[in-house]
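Analysis of the macromolecular model
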Amino acid sequence: MAVAGTASQLTARSRRGVFGFGWNRLWLLVVPMTLFFIVFFVLPVLSMFALSLDKPAAGTVAAKGDFALTNFIRFFSQPLYYESIFRTVAISIASSVIAAVLGYPLAYLIAKTEHPGRNTFLMILVLASMQLDGVIRLYGLMVLLGDNGLINGSLIRWHVIGSPLPLMYNVFGVIVGDVQITLPFMVLSLIGVIRSIHPSLEEAARSLGASPGQTFRRVILPLSMPGILAGMLLVFALASSSYVVAALMGGWKVWVLPVHIFQQVSNGGHWQFGAAIATILFVVNISAIFVYQAVAARTSGGRI
Amino acid sequence: MAVVELVGLTKAYNGHVAVSEVNLKIASGEFFSLLGPSGCGKSTTLRMVAGFVAPDDGRIFIDGDDIVDRPPEKRDVGIVFQNYAIFPHMNVADNIAFGLRMRKVDKTEIKLRVGEALQQVGLAGYERRFQKELSGGEQQRVALARVLVTRPRILLLDEPLSALDKNLREEMKYWIKDLQKSLGITTIYVTHDQGEALTMSDRIGVMNKSRVVRVGTPTEIYERPGDLFVTTFIGESNLLDGTVRLSTADSIRLALGDGSEVSAPPRKGLIAGQRVKLVIRPENILLDGAPIDGLAGLPAVVEAKIYQGALIRYRLSAAGQSIVAEVQNQIGHTQYDPGSRITAHWHPERTEVLPVE
Ligand SMILES: Nc1ncnc2c1ncn2[C@@H]1O[C@H](COP(=O)(O)OP(=O)(O)OP(=O)(O)O)[C@@H](O)[C@H]1O
Ligand SMILES: [Mg+2]
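Since the model is a prediction, treat every value here as computed from it, not as a measurement. (Residues numbered from 1 in each chain as written. Chains lettered and ligands numbered in written order. Predicted model: local features only at pLDDT ≥ 70, side-chain atom pairs only at ≥ 80, totals over all residues. Heavy atoms only, no water.)

1. Some words on the overall build of chain A
- Summing up its helical and strand segments, chain A has 13 helices and zero strands in all.
- Each helix and strand of chain A, placed in order from N terminus to C terminus, yields the pattern α-α-α-α-α-α-α-α-α-α-α-α-α.
- Relative to a compact globule of 304 residues, whose C-alpha radius of gyration would be 19 Å, chain A shows 25 Å and is clearly more extended.
- Once the C-alpha set of chain A is aligned to its principal axes, its extents read approximately 85 × 70 × 35 Å.
- Counting every position in chain A, which comprises 304 residues, the buried fraction comes to 38%.
- Look at the contacts in chain A between residues 6 or more apart in sequence, and 65% of them connect residues 24 or more apart.
- Where the 19 positive side-chain charges of chain A centre and where its 9 negative ones centre are 9 Å apart. (Helix = DSSP H or I, 4+ residues; strand = E, 2+ residues; numbered from the N terminus. Rg over C-alpha atoms; globule rule 2.2 N^0.38 Å. Buried < 20%, exposed > 50% of the residue type's maximum accessible area, 1.4 Å probe, protein only. Contact = heavy atoms within 4.5 Å. Lys, Arg positive; Asp, Glu negative; His and termini not counted. Charge placed at Lys NZ, Arg CZ, Asp CG, Glu CD.)

Here it is in structure tokens:
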């Protein structure tokens, strides 16, 4: 039986070519990934949803299934909580816009650098900043932005200002931190797209009478939109869910959703309420994907 | 329309010379081709005229204006790229309107002219299509319409047919030529395809290794190449080794390998004893059983006969060298089998003597 099975499989395989899989068996390739995804993503997320629908019970971690909307009602009835949605979204949008504006010129420079050595050097610069741990990079920022950090210290010493500027432990500091952490992702997402714009498009625009600025606005920028939007979505997702940046750069003074979640779960053991806030954060991020899709469809100008 | 003049145009990339000392004068309304092998500097020359590449040296005049220092958008030069470069995020109408919008032409006129341009290239009704929805040939027409609608002073085309399949290429060749003629626009056409250059051009500039080596009408280039490179690059030629016996103002006497002598048209600068090549096109060789008066001739032996349908191709051995002859396969023409002893004839004025460098 087994031998016969192997033999028929072999002939079937030789008919199917190099990979040995027909289309109907190709899905076997994604089984490990799917299992991983189910165990380490779908199950935790589902249990989080379930937990968020339980009645609050301090210290209880497992979902009991006693369905109640208590946590959500509590969240949406107190400004302290629901206002943090807007704060989170505003900070994340600001970060993604700033990252796009700062990242685009660098990405353009790298994409247009043909000299292999110079190109590698610039790429290493971008990638190296990613390799350094986020917390370490944020401590670097704190040294720079703190009340007696480099900037405030120098300005006070030169008598430009009398008291330190509020550069940290506020929304500004969190945005700076978010941008700093996410900029490499933005740049990487842009480089690929800018490289894929054929140089002859730029030249065609120029010889049709467009100045360099017009060429950028009418040809390069619209064709970069897929990369800009993908990069912004990435930055949004990273910034909106980053507890570390909000905690270190916001110093527990900037109440975004991840800080609330951490406080509920770690400090109070309020797992159910924490899960409800996490669910809300999840919904915010999923909505961002829909917004991204809608904008992408509009800016693609019929290309999809 | 416009006269183009290139004077001493030179460009090197990191010490590697791409274009050197190119001097050309292209007449108003002329269809001028730059023909040459890959890497000879055709595109670089064209890109200098378009303004994408700054020459190291030399001047470019359009109707007497020196445009070398102008950016591409101030040159009023239309260019069609090999890949057509249709803007993928705009539909056909917006692509064609692009140049007019840059020139601040008013809306109603843009609409009118875009419509006319589409009509002209036979793409009426294609306004709302995007690049993805166009075939290669259609993209090319859009690219041409986009350029022509701005009424540029000159039109530059860089291998515009090379991305098309063979049949379409043939069709577009005549279509582009007709369009160019009807508009009377001065055109520089870059190609490495001699067939395109010969059929489309008023004049051809043959380039080799960064230089323009020969300029002339298709007939002149083909029948009087005047240069060994041009001879071998365009069409097929027999190059017979010979030595100059006598060079006068009226003719040249040559000794070929085995001592047989032939006459050839005169050429300046040749001296007795100089080693040269006698150039004869295969189709200019006439085969006959016996010598014919008034023609140059060499006794020859047929080595091979290759039947090609419309043509019959012979490989002959004559004067100790190998010669290729092509004869029209017409009724009444004698065919010779391998081993036949015949005479290979040609009109001396259809040959050329070129010095060996
Ligand atoms: N941007 C560039 N940087 C360096 N070298 C270049 C550049 N552009 C062209 N060259 C070199 O200059 C020479 C001429 O190039 P060009 O593109 O003008 O050739 P071409 O005649 O158009 O050839 P093809 O028929 O292959 O298109 C080539 O040797 C090429 O390698
Ligand atoms: Mg080229």
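2. Points about the packing of helix α2 (residues 92-102) of chain B against helix α4 (residues 136-148) of chain B
All names here are of chain B.
- The geometry of α2 relative to α4 is characterised by a closest axis approach of 7 Å and an angle of 30 degrees between their N-to-C directions. Taken together, the axes of α2 and α4 are roughly parallel relative to one another. For the pair α2 and α4, the sense of crossing is right-handed. Contacts between α2 and α4 involve V92, N95 and I96 from the former and V142, A145 and R146 from the latter.
- When the residues that make up the contact of α2 with α4 are grouped by side-chain class, the tally is four nonpolar, one polar and one charged. (Axes fitted to C-alpha atoms, helices over the stretch in contact; angles between N-to-C directions. Parallel < 35°, antiparallel > 145°, perpendicular 65-115°, else oblique. Left-handed = near helix turned anticlockwise from the far one by under 90°. Nonpolar A, V, L, I, M, F, W, Y, C, P; charged D, E, K, R; others polar.)

3. What about the site of ligand 1?
All names here are of chain B.
- The local shell around ligand 1 consists of Y13, H16, A18, P37, S38, G39, C40, G41, K42, S43, T44 and E159.
- Note that an oxygen atom of ligand 1 is positioned 3.0 Å from one of the backbone N or O atoms of G41.
- In this structure, an oxygen atom belonging to ligand 1 sits 2.8 Å away from a side-chain N or O atom of K42.
- Those elements that provide at least two residues to the shell around ligand 1 are β2 (16-26) and α1 (42-50).
- For the shell around ligand 1, the element with the highest residue contribution is α1, accounting for three residues.
- Grouping the amino acids of the shell around ligand 1 by side-chain chemistry returns four nonpolar, six polar and two charged. (Near = heavy atom within 4 Å. Polar contact = N/O pair within 3.5 Å; in protein donor to acceptor, adjacent residues only side chain to side chain.)

4. Quick notes on the sheet that holds strand β13 (residues 261-264) of chain B
Residues and elements named next belong to chain B.
- Reading across from one edge, β13-β12-β11-β14-β20 is the order of the five strands in this open sheet, with antiparallel pairing throughout. Every other strand in the sheet has two partners, leaving β13 and β20 (352-355) as the edge strands with one partner each. For this sheet, the mean inter-axis angle between neighbouring strands, taken without regard to orientation, is 45 degrees.
- Bridge count for strand β12 (residues 252-256) against β13 is four bridges, and the pairing is antiparallel. Its bridge partner lying in β13, R253 is registered against S263. (Pairing = 2+ DSSP bridges.)

5. Focus on the interface of chain B and chain A
- Each partner contributes residues to the interface: chain B has 26 residues there, and chain A has 21 residues.
- Surface buried jointly by chain B and chain A totals about 2000 Å² across both partners, of which 63% is contributed by carbon and sulfur atoms.
- The largest share of the area that chain B buries against chain A comes from E73, H89 and M102 of chain B, three residues that together contribute 31% of it.
- Summed over the shared surface of chain B and chain A, the result is two salt bridges. (Buried area = accessible area lost by both parts, 1.4 Å probe. Salt bridge = Lys/Arg side-chain N within 4 Å of Asp/Glu carboxyl O.)

6. Description of the packing of helix α6 (residues 134-145) of chain A against helix α11 (residues 243-250) of chain A
Residues and elements named next belong to chain A.
- With their axes 10 Å apart at the nearest point, α6 and α11 run at an angle of 25 degrees to one another. Overall, the two elements α6 and α11 adopt an arrangement that is roughly parallel. Remark: the crossing between α6 and α11 carries right-handed chirality. Facing α6, whose interface residues are V135, L138, Y139, L141, M142 and L145, α11 presents V244, V245, L248 and M249.
- Looking at side-chain class alone, the contact of α6 with α11 contains 10 nonpolar, no polar and no charged residues.

7. Details of the pattern of salt bridges
- Evaluation of the coordinates by the stated rule reveals 20 salt bridges over all chains.
- Between E202 of chain A and K112 of chain A there is a salt bridge, with the nearest N and O atoms lying 3.3 Å from each other. Note that E202 of chain A is positioned in helix α9 (residues 199-207) and K112 of chain A in helix α4 (residues 79-112), a separation of 90 residues in sequence.
- Of the charged contacts, one joins D65 of chain B and R70 of chain B as a salt bridge, the two residues approaching to 3.8 Å between their closest N and O atoms.
- The network of salt bridges with common partners includes D65, R70 and R153 of chain B.

8. Some words on the nonpolar core
Residues and elements named next belong to chain B.
- Formed by 97 residues in total, the largest nonpolar core has its most connected members in F87, I96, F98, L144 and L156.
- The contact partners of L144, leaving out residues within four places of it in the chain, are V80, L155, L157, W175, I176 and L179.
- The next biggest cluster of nonpolar side chains, apart from the first, holds 30 residues, and it includes L256, L278, I323 and I342. (Core = buried A, V, L, I, M, F, W, Y, C linked by side-chain atoms within 4.5 Å.)

9. With respect to the domain arrangement of chain B
All names here are of chain B.
- Here chain B is partitioned into domain 1 (4-232) and domain 2 (236-355).
- Here domain 1 and domain 2 have C-alpha centroids that lie 39 Å from each other.
- Domain 1 puts 10 residues into the contact, and the matching count from domain 2 is 13 residues.
- Of the roughly 940 Å² buried where domain 1 meets domain 2, counting both sides, 49% is carbon and sulfur surface.
- For the pair domain 1 and domain 2, the interface holds zero salt bridges.
- Applying the counting criterion to the domain 1 and domain 2 interface returns four residue pairs in polar contact (both at pLDDT 80 or more).
- Contributing elements (two or more residues each) for the side of domain 1 that touches domain 2: α7 (218-223) and α8 (228-233).
- Its residues assigned to classes, the side of domain 1 that touches domain 2 comprises four nonpolar, three polar and three charged. (Domains from an automatic or database assignment.)

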